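Residue-level structure breakdown
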Amino acid sequence: MADKDCQDYKSTLVVEQRVKARWQALIEKKYESAYTYLANSYKDAVTLKEYEKSMNPRIEWKGIDITRTRCDEAVCEVHVTANYYMPPQFGLPQGVESKDYSVEKWIFKDGEWWYLPPLKE
């Protein structure tokens, strides 16, 4: 049991590092870089161009906090609080700072952890 717990802990560290790196790419609006962290099954359904179009250019991501990570052998769920700023625009005369809460699903495949976002219908 200790070996499994140790492996889960190692997985947690690796996944959290990848979550932070992907989010750093989003903060810097480097969508092509963020796309490289996505699972191939997602990339088979969503091209880079479609992924880039899905990003809201008005949102300025400021940083993230990982509040919880749970891993088993092949799946990690990472609870992320993302801080962002929405600048002034029509219907929003003053900019707004807010947070977005999400649970990211990361899967282990081909020796690496990959983010598997939900597919939009």
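These remarks concern the structure in this document. For every chain, the first residue of the written sequence is number 1, and numbering continues from 1 onward in sequence order. Predicted model: local features are reported for residues with pLDDT of at least 70 only, side-chain atom pairs are reported and counted for 80 or more only, and whole-chain, interface and lining totals are derived from all residues. Hydrogens and water are ignored here; the side-chain numbers use all heavy atoms of the structure.

Quick look at the pattern of salt bridges
By salt bridge we mean one thing: a side-chain nitrogen of Lys or Arg within 4 Å of a carboxyl oxygen of Asp or Glu. Applying the stated criterion to the full structure yields four salt bridges. A salt bridge links Lys30 to Glu28; the shortest N-O distance between them is 3.1 Å. Classification of Lys30 as partly exposed rests on a relative accessible area of 47%. Looking at Glu28, the relative accessible area reads 40%, which means it is partly exposed. With a shortest N-O distance of 3.4 Å, Lys62 and Glu60 are connected by a salt bridge. Per-residue accessibility, obtained with a 1.4 Å probe over protein chains only, is compared with the maximum for each type, and a residue is labelled buried under 20%, exposed over 50%, and partly exposed between these values.

Observations regarding the pairing of strand S1 (residues 60–71)
Paired strands, as defined in this entry, are two strands with at least two bridges between them according to DSSP. Counting from the N terminus, the helices are DSSP H or I runs at least four residues long and the strands are E runs at least two residues long. Across 10 bridges, the pairing between S1 and strand S2 (residues 75–86) is antiparallel. Paired with Arg68 across the bridge in S2 is His79. Taking the residues that link successive antiparallel strands as the turn, the S1-S2 hairpin has three residues.

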